[in-house]
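This is what each chain is made of:
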Amino acid sequence: MGSKGTVICVGCPMGCEITLTIDDNGEVSKITGNSCKEGKTYAVDEYKNPLRVLTATVLTEDSCQPLLPVRTDRPILRSKLTEAMPVLAKVRAKPELKAGDILIHNLLGTGSNVVATSSLPC
Amino acid sequence: MHQEVDVAVIGAGPAGLAAAIKAKQAGAERVLIFERAENLGGLLDQCIHNGFGLLYFGEDLTGPEYRDRFIQKAMDLKVEAELQSMVLDLQADHTMKVASSRKGYLTLRPKAIVLAMGCRERTRYAINIHGSRPSGIYTAGQAQRFVNIHGLLPGKRIVILGSGDIGMIMARRLTLEGASVEAVVEVLPYVGGLIRNEVQCVHDFDIPLFLKHTVSQVHGFPRIEAVTIAEADEGCNPVPGTERRIECDTLLLSVGLIPENELSLKAGVELDPIVGGPIVDEARQTSVPGIFAGGNVVHVHDLVDNVTWESEIAGAGAAAFASGAKPPGRKIEMKPGRNIRYVVPHTISGDSDVTLYMRVKEPERNVRIRVGDVVTSKVKLAVKPSSMEKMEIAAGELGKLKDGASEIVVECLTKEAK
Amino acid sequence: MSTHQTDVLIIGGGILGAAAARELSKYKVDTTLVEKEVDWGWGSTKANIGLVCQGGDGLEFRPEYHRSKLVWDSIPMMEPLCQELEVPFKRVGMIGVYMNEDQRSKFSKMQSRAEKVGISSHQWIDRDTLFDMEPHVSRDALGALYDPVPAVTDPIKLNIALAENAVQNGVHGLLGREIVDISPGVGGFEAKTNDGPIKARFVVNAAGLYVDKVARMVNADNFVVYPVKGYVGVLDKRMGDLVRHNVWRVPPIPGEMNVIEPTVDGNIIFGITLMQARRGDFSTKGEMAEAALEHVQGIVPELSAKDVIKYFAGFMMMKTFELGWHDCVVEPSPIVPGFINVTMGYPGISACPATGKEIVQMLADQGLDLVQKTDFNPRRRDITDFSELPDEEKSELIAREPRYGHVVCRCETVTEMEVVDAIRRGATTIDGVKHRTRAGTGRCQSGFCRSRVISILARELGISEQEVTMAGGKSQEMLYRSKQLLEGGN
């Protein structure tokens, strides 16, 4: 007996809905619904470890440029995205900054930093 | 009159920047970009999400990061740019009139011109949404500018009509900013944009997705209070009896992009009525000699990487024209065949490598896209109208064409059709 | 809150109230014009086709109607008025096409009635001439009756110009001021408003959509009006050559109008399907739009939904629901001395100059002393329209003021300085800027300019961008600031 999980593959316009059967040890025992082998690999990764790059803005102390766009320099767990936003909301970026500068180290213990993607001032 | 400009580029978005850089690299001496907005980069400024440059740089960049690579390159090459400068008129003889805050009212006649004006968003009026006309209704791109540049949120209970990429991106963006996206409503039976966005912008956040539905009415004044959505029939009209009311304080529209060709028309450039942009040859020259075009102004792209590649072609073409090079002699017409909505470029010379860009009319699976009887073909697991297809054809393959061939049919064939 | 004292209180800053105010401003009379919205003309005046006509299409040249006289007297006044106030005015003429003998005989009767009252400008034109003048008219047309006199103007610009000129000449213009109640007071009336009382010797009730409600405040409502809503569509300027005149026909469905005309800005405007509706509900219905399109296609077959860039609904307060069979109410109340009721129904724009004068005459008859001012200034300058200037003037203007070089509305080529001017002249909202400059009226319907106009409004008015509204009150554009919906945000 095992549980099932579904993943939509984003590799190509097929958008295959891939069903994974997970056995009692938490291992993937069966994969169905994929049309190619890349889809299989993607589905397992996505199911076990769904990672997302977080992109957002932070507030600045520059009245001419109220926002600075930022990103995580590595993808983080999907479940951390919503939790991360109030943390970003507290940031007040001060000029001078350039793209790549770190605004938050090790966001929520993910090992990923939040970095500027543009300079301040522009 | 300005000191002679070799190549003038209209628009400093990704298309304009790429064209200008390439024009310089191809030897044009004076390359000048006119941009009516307040900075370089066009819409890349507000596209703070990632997914840019996967093909062109092999890296996953955000819009601003992608933009800055090209701005740096343009500066290194001494491309000139005038901001807050809008080209008001363009004639077939290249006479250009520009209103510029810094430089005043300019009249010039550049040797060559690249049209890179991009596109605009379809409005509620274009899709016949009736009811009230309150505040709180925006196109998705317009809202994106408020959210990502001005630091303003339109509301906290959002309905999004249209599941194109920009609509889905905004669904995620607003959810992350603390708003509640009540629904994404799509008239087709499938999502309009990339599957990646469907997963990462809609399903990731459990946003209700209503396929085969449309917004039939807007309620509330002076601020929107709700929309009525309903199932959509074959003609995209609301099916009576299927209505459902969704309370909201904002409606975003992501219902189509229209290439912005007002200047093109003034210059007498011939437009493709299906695509809405100029008819171009493989150098991206329009029907008016010396006027080239690239990017969304020609046809709406999905990936900025392709905008860049296409605009580089236009920039190189413009530089060649400015230096007096002769245009290619032969013009072989690319004809859209079975399940192909359009092909760009519209004509090729048959003498050089060429990349064809195209879109299908209907989604299909297990197809073969065939270019001409003898040229080349490609097998695809799945094609859909919202995913642009590319076919790269080597000059050698074109050599297989009969001498004097004046057209090549590009078609999308299913297994049965073989 | 101190009491504002005035000789004449005009309730309603629409076209008729503003016209009356401007007329009164020629005299040494203390006049107050109040408007409950935050800008002029936001009731019926802004939502119509701007036609300046003398008859036809609902007006049947019936001399027994008071409104007919007001319209005919106004016709020669309109162009000079528009010139004085720098308001656009285009004499497009009016072509009534007929598709069968029945319609032709209707026109024939109309023409004889017109001639009886001294209007002899109508000419019959045959098919060939018609198609020469209007190549896109349906080949079902057999001929037409042409009147070269009618024109088009910009109704809201005219309204704003009248109000501005009135204020220029001493009228107190009070925007955002709503009359809540009126009671008889010593030597006249005392009005309760949302911001302090106003005492007046005379009241002109030109409250448009609310004309009967205001009359009821003093029991002067000896008339009944019904709100009638009309649907109007606007075409892209690309289709600007579709017609060169106002072209109309007898509609297949009685009780609506079938009309299509050029606007002063180069768009094409068409309509008008009618329905009774709750007053103030300016929403449109798909059925009204479809009917308007289908019926006007009967005049111009190339009219297509794909060219429609905007549609809206406007209101007329009519004494009966049937077009053509009603009169206006422009009279001193027979019940309440010193109280003048003003409601035109249709056509308010065309009749405004003479109506303004007649209101002044009525006030004089009611006992208002009219002493002419020697320093009345009839001229009012409009905001410079950059897009219309020849190259040399554009150049000069930008050199003098760089903000003319910054285009903020790409569809209509409206510059930053024009927006600033509009705000300095009294626009405090996006709609106010739109009405004065055309910013936002183009094919992208403010997709490009909205954010820029918001920035300029915020800067010029010294408010935050978040506080900027579309049309005052609760019509804020951006409800929240970034991070405001998140904990830890501001």
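Chemist: Honestly, the overall build of chain C in this entry has me stumped. Any pointers?
Modeler: Across its full length, chain C carries twelve helices and 22 strands. On C-alpha atoms alone, chain C measures out to a radius of gyration of 23 Å, which is about the 23 Å that the 2.2 N^0.38 rule sets for 490 residues. With the principal axes as the frame, chain C shows a C-alpha extent of 65 × 60 × 50 Å. The proportion of buried residues among the 490 residues of chain C is 62%. As presented, chain C carries roughly 18300 Å² of accessible surface, and 48% of it is formed by carbon and sulfur atoms. Both charge centroids of chain C, one from 56 positive and one from 66 negative side chains, sit 2 Å from each other.

Chemist: Sorry if this is basic, but what is going on with the overall build of chain A here?
Modeler: Regarding its fold elements, chain A presents two helices and ten strands. Along chain A, helices (α) and strands (β) appear in the sequence β-β-β-α-β-β-β-β-α-β-β-β when read from the amino end. Referenced to the eigenvectors of the C-alpha coordinate spread, the extents of chain A come out at roughly 60 × 30 × 15 Å. For chain A, the residues scored as buried account for 43% of the 122 residues in total. A total accessible area of about 6200 Å² is found for chain A, and carbon and sulfur atoms account for 51% of it.

Chemist: Before we go on, may I ask you to explain the interface of chain A and chain B in this structure?
Modeler: Put simply, an interface is often sized by how much accessible area is lost when its parts join up. Listed as interface residues are 26 residues of chain A and, on the opposing side, 30 residues of chain B. Approximately 2400 Å² of surface area, both sides summed, lies buried where chain A meets chain B, with 62% of it carried by carbon and sulfur atoms. The tally of links between chain A and chain B comes to three salt bridges. For Arg52 of chain A, the salt bridge goes to Asp204 of chain B, with nearest N and O atoms at 2.6 Å. In terms of residue class, the side of chain A that touches chain B is made up of 15 nonpolar, seven polar and four charged.

Chemist: When you look at the packing of aromatic side chains in this model, what are you seeing that I'm missing?
Modeler: Two aromatic rings, taken as a pair, are described by how far apart their centres are and by the angle between their planes. This model, assessed by the stated rule, comprises 16 aromatic pairs over all chains. Here the aromatic rings of Phe57 of chain B and Phe70 of chain B are separated by 5.7 Å at their centres, their planes lie at 55 degrees, and the arrangement is tilted. One end of the pair, Phe57 of chain B, is in the loop between strand E3 (50-52) and strand E4 (61-62); the other, Phe70 of chain B, is in helix H2 (residues 63-76), and 13 residues separate them in sequence. Relative to Tyr404 of chain C, the ring of Phe386 of chain C has its centre 6.4 Å away and its plane inclined at 15 degrees; by these criteria the two rings are stacked. With a gap of 18 residues between them, Phe386 of chain C in the loop between helix H8 (348-365) and helix H9 (391-400) and Tyr404 of chain C in the loop between H9 and strand E20 (407-409) connect regions that are remote in the sequence. Across the pair, exposure class does not vary: Phe386 of chain C and Tyr404 of chain C are buried alike.

Chemist: Please clarify how the pairing of strand E2 (residues 17-22) of chain A should be interpreted in this entry.
Modeler: Walk down a regular strand and you will see the side chains alternate between the two sheet faces. Residues and elements named next belong to chain A. With six bridges connecting them, strand E1 (residues 3-8) and E2 associate as antiparallel partners. Within E2, the residue paired with Lys4 across the bridge is Thr21. In the sheet, E2 pairs with strand E3 (residues 28-32) via four bridges, with the strands oriented antiparallel. The partner of Ile22 across the bridge, within E3, is Val28. The loop that links E2 with its antiparallel partner E3 comprises five residues; one of these, Gly26, has a positive phi angle of about 80 degrees.

Chemist: How do you make sense of the interface of chain B and chain C when you look at a structure like this?
Modeler: Taken together, the contact pairs 45 residues of chain B with 50 residues of chain C. Surface buried jointly by chain B and chain C totals about 4200 Å² across both partners, of which 58% is contributed by carbon and sulfur atoms. Interface area lost by chain B to chain C is led by Tyr105, Tyr125 and Arg133 of chain B, which between them contribute 17%. Counting across the interface, chain B meets chain C through five salt bridges. Between Arg410 of chain C and Glu260 of chain B there is a salt bridge, and its shortest N-O distance comes to 2.7 Å. Of all the secondary structure elements, the ones that give two or more residues to the side of chain B that touches chain C are strand E6 (85-90), strand E7 (96-100), strand E8 (104-108), strand E11 (130-131), helix H3 (140-150) and strand E13 (152-153) of chain B. With four residues, the single largest contributor to the side of chain B that touches chain C is H3 of chain B. Considering only residue class, the side of chain B that touches chain C consists of 17 nonpolar, 15 polar and 13 charged. As paired strands, E13 of chain B and strand E22 (residues 480-481) of chain C are joined by two bridges and run antiparallel to one another. Bridge assignment links Leu153 of chain B to a residue of E22 of chain C, and that residue is Tyr480 of chain C.

Chemist: Where do I start with the pairing of strand E14 (residues 157-161) of chain B in this structure?
Modeler: All names here are of chain B. Within E14, four of the five residues are buried, which leaves it mostly tucked inside the rest of the structure. Pairing of E14 with strand E15 (residues 180-186), which is carried by five bridges, proceeds in the parallel orientation. Bridge assignment links Arg157 to a residue of E15, and that residue is Ser180. Handedness of the E14-helix H4 (residues 165-176)-E15 crossover: right-handed.

Chemist: Would you mind going over the sheet that holds strand E26 (residues 354-360) of chain B with me for this structure?
Modeler: Working definition: the strands of a sheet are paired by backbone hydrogen bonds and lie parallel or antiparallel to each other. All names here are of chain B. In spatial order, the strands read E24-E26-E29; together these three strands make up an open sheet with antiparallel pairing. Strands with a single pairing partner mark the edges of an open sheet, and in this sheet they are strand E24 (340-344) and strand E29 (389-393). In this sheet, adjacent strand axes meet at a mean angle of 25 degrees when their direction is disregarded. Pairing of E26 with E29, which is carried by five bridges, proceeds in the antiparallel orientation. Counted as the bridge partner of Thr355 is Glu392 from E29.

Rules and cut-offs
- Residues numbered from 1 in each chain as written.
- Chains lettered and ligands numbered in written order.
- Predicted model: local features only at pLDDT ≥ 70, side-chain atom pairs only at ≥ 80, totals over all residues.
- Heavy atoms only, no water.
- Helix = DSSP H or I, 4+ residues; strand = E, 2+ residues; numbered from the N terminus.
- Rg over C-alpha atoms; globule rule 2.2 N^0.38 Å.
- Buried < 20%, exposed > 50% of the residue type's maximum accessible area, 1.4 Å probe, protein only.
- Areas by Shrake-Rupley, 256 points an atom, 1.4 Å probe, with all protein chains shown as cover.
- Lys, Arg positive; Asp, Glu negative; His and termini not counted.
- Charge placed at Lys NZ, Arg CZ, Asp CG, Glu CD.
- Contact = heavy atoms within 4.5 Å.
- Buried area = accessible area lost by both parts, 1.4 Å probe.
- Salt bridge = Lys/Arg side-chain N within 4 Å of Asp/Glu carboxyl O.
- Nonpolar A, V, L, I, M, F, W, Y, C, P; charged D, E, K, R; others polar.
- Phe/Tyr/Trp six-rings, centres within 6.5 Å; stacked < 30°, edge-to-face > 60°.
- Pairing = 2+ DSSP bridges.
- Right-handed = clockwise from strand over helix to strand, strands pointing away.
- Axes fitted to C-alpha atoms, helices over the stretch in contact; angles between N-to-C directions.

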